[in-house]
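# Analysis of the macromolecular model
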Amino acid sequence: MVKKILMAIACSMLISCGYFRVTDLSANRVCAIPSGAALGAVSINYNESGLLDMSFGVLLADDKVYVKDNIQKKVLVFDRDGKCLIAIGNVSATAEGKDIKKTQVKFDIIGTMVADSDGNLYVQNRLASVQRIDAAGTQIDMSPSFILVFDEEGKLQYTIGQTGMPTVPFYYIEHLEIDKKNRLFVIARTYDIWSVYRFDKRQRDYYMTFSRNYFVDTVDATTSYTGKIENIRILHSGDSFLLSVAYYNNTRFKYRKLYQFDIKESKPVELLKISEPKNELFTVAQNKYIYVWNVEETNEVKFMLYNFDGTIIGNVRCKFPGQALFSDIDITSEGKLYSYHAYSTGLEVYEWK
């Protein structure tokens, strides 16, 4: 009898906290970017079997859409009506499109991008392709990179390296993020060693490295697991960040933990423990929502939302449009989900609400 009562209470708690509640988000198209070789178009290179050359990417920030094109070696800036405003990279000052502002820059390989609230654009420029295998057997590109900073007119302002000055390059950059004070965060790694850099304009004002043995979870007197960092996401305040750490018994997944690392206190605090391997940290939004991605879903994207006391407050689902050659989803610094979808005719960008 007591067992049944406890099970009823547990089920009631799960339902009340939103464990089973799923909200289907609606897609609103932002714009379409045509495919082609024109200045205001992006290259969509695929073969008859539908395999893509993954040479493009999309960033949605405020009222602008940023598109990278590694075939034509350029970054394009569009408004929300799909009008090309700025072209940066392998572009001629006399190229077609008299209303398009043009900046000639030699990109090697265009990596991740981020934009701040003043319209400044931060672009990773990878100098060469150097493939390495990490401890888990995953192939990663350890190419040296610098970050090029462009103003809202598309003009190159300065270049950032590890120290702020363009002397020591970054290596494998996971992603770039901007906090509410327009400070740039660079999340980088070298195999299993992860680093977090924070820059205020050209000045580096924070740096932290997590060694391979930083997270060790002692189970009992004879058993302990060494954690492997999988992801790091910045809170929009810029004062702390989340780390997703997976623990294994040899090669067998045991669980993952999410930690909040306070920059001022320089210490991690455990937020929650996840036993399901398919549930991975996606991002954190508005300093209060943790998005955990069900990575086994195929025809749709589903996120479980936690708050910072570890309570599940609901689930959201995005059902992608069909027939796309490729689809991806991300989130803006303001916490808005967006996706982009590649077709033979070009890219389509959507917001989800």
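Data block above holds the structure.
Residues numbered from 1 in each chain as written. Predicted model: local features only at pLDDT ≥ 70, side-chain atom pairs only at ≥ 80, totals over all residues. Heavy atoms only, no water.

## Digging into the sheet that holds strand 6 (residues 84-89)
Strands pair in a sheet through their backbones, by hydrogen bonds, and they do so in one of two ways: parallel or antiparallel. This is how the line gets drawn: Think of it this way: DSSP has to see at least two bridges between two strands before they count as a pair. Secondary structure counts use DSSP, requiring at least four H or I residues in a row for a helix and at least two E residues in a row for a strand, with both numbered from the N terminus. Fitted lines through C-alpha atoms serve as axes, helices being fitted only where they are in contact, and the angles separating the N-to-C directions of these axes extend from 0 to 180 degrees.
Spatial ordering of the open sheet is given by 3-4-5-6-7, a layout of five strands whose pairing is mixed. Edge positions in the open sheet fall to strand 3 (56-61) and strand 7 (101-104), since each of these has one partner strand only. Going from strand to strand, the sheet's axes swing by 15° on average, the running direction of each strand aside. Note: strand 5 (residues 74-79) against strand 6, five bridges, orientation antiparallel. Each residue of the ladder has a partner; that of Leu76, found in strand 6, is Ala87.

## Points about the pairing of strand 27 (residues 326-331)
As paired elements, strand 27 and strand 28 (residues 337-343) share six bridges and run antiparallel to each other. Across the sheet, Asp328 pairs through a bridge with Tyr340, a residue of strand 28. Counting the residues between successive antiparallel strands, the hairpin from strand 27 to strand 28 contains five residues, one of them, Gly335, with a positive phi of roughly 90°.

## Remarks on the pattern of salt bridges
Using the following cut-off: The rule for a salt bridge is simple: a side-chain nitrogen of Lys or Arg has to be within 4 Å of a carboxyl oxygen of Asp or Glu. Type-normalised accessible area, obtained with a 1.4 Å probe on protein chains alone, sets the label of each residue: buried when under 20%, exposed when over 50%, and partly exposed for intermediate values.
Counted according to the given criterion, the structure contains 17 salt bridges. Notably, a salt bridge pairs Arg183 with Asp179, separated by 2.7 Å at the nearest N-O pair. Exposure class is identical for Arg183 and Asp179. Each is buried. Among the ionic pairs, Asp205 bridges to Arg198, the shortest N-O distance being 2.9 Å. Taking relative accessible area as the criterion, Asp205 reaches 35% and is therefore assigned partly exposed. Note on Arg198: relative accessible area 10%, which makes it buried. Overlapping salt bridges bring together Asp24, Glu300 and Arg317 as one network.

## Describing the packing of aromatic side chains
Where we set the bar: A pair of Phe, Tyr and Trp rings is counted when the ring centres sit within 6.5 Å of each other, with Trp represented by its six-membered ring. The angle between the planes then sorts it: under 30 degrees is stacked, over 60 is edge-to-face, the rest tilted. Here, a charge over a ring is recorded when the distance from Lys NZ or Arg CZ to the ring centre is within 6 Å and its angle to the ring normal is within 35 degrees.
Counting across every chain of the model gives 22 aromatic pairs. Taken together, a centroid distance of 6.1 Å and an interplanar angle of 20° make the contact between Phe210 and Phe215 stacked. Taken as a pair, Phe210 and Phe215 share a single burial class, namely buried. When the centroid spacing of 5.1 Å and the interplanar angle of 20° are considered together, the rings of Phe241 and Phe261 count as stacked. Of this pair, Phe241 sits in strand 20 (residues 240-249) while Phe261 sits in strand 21 (residues 252-262), and the two are 20 residues apart along the sequence. Overall, the relative accessible area of 0% leaves Phe241 in the buried class. When its relative accessible area of 0% is taken as the criterion, Phe261 is described as buried. Members of the aromatic cluster, joined through ring pairs, are Phe210, Tyr214, Phe215, Phe241, Tyr259 and Phe261. Lying across the ring of Tyr247, Lys257 places its NZ or CZ 6.0 Å from the centre. Note that Lys273 overlies the ring of Tyr255, its terminal NZ or CZ placed 4.1 Å from the centroid.

## Here's the deal with the environment of Leu258
Defined as follows: Here, residues are in contact when the closest pair of their heavy atoms is within 4.5 Å.
With respect to the helices and strands, the residue Leu258 is situated in strand 21. For the pair Leu258 and Ile290, spaced 32 residues apart in sequence, the C-alpha separation works out to 9.7 Å. Apart from residues no more than four positions distant in its own chain, Leu258 is found in contact with Leu243, Ser244, Val269, Glu270, Leu271, Leu272, Ile274, Leu281 and Ile290.

## Observations regarding the nonpolar core
Where we set the bar: What makes a nonpolar core is a set of buried Ala, Val, Leu, Ile, Met, Phe, Trp, Tyr and Cys residues whose side-chain atoms join them at distances within 4.5 Å.
Of all hydrophobic cores here, the largest spans 39 residues; its most connected members are Val65, Phe107, Leu121 and Leu347. Discounting chain neighbours no more than four positions away, the residues touching Phe107 are Lys73, Lys74, Val75, Ile88, Gly89, Val123, Asn125, Leu148 and Phe150. Grouped together as the second largest cluster of nonpolar side chains are 20 residues, Phe185, Tyr225, Ile229 and Ile232 included.

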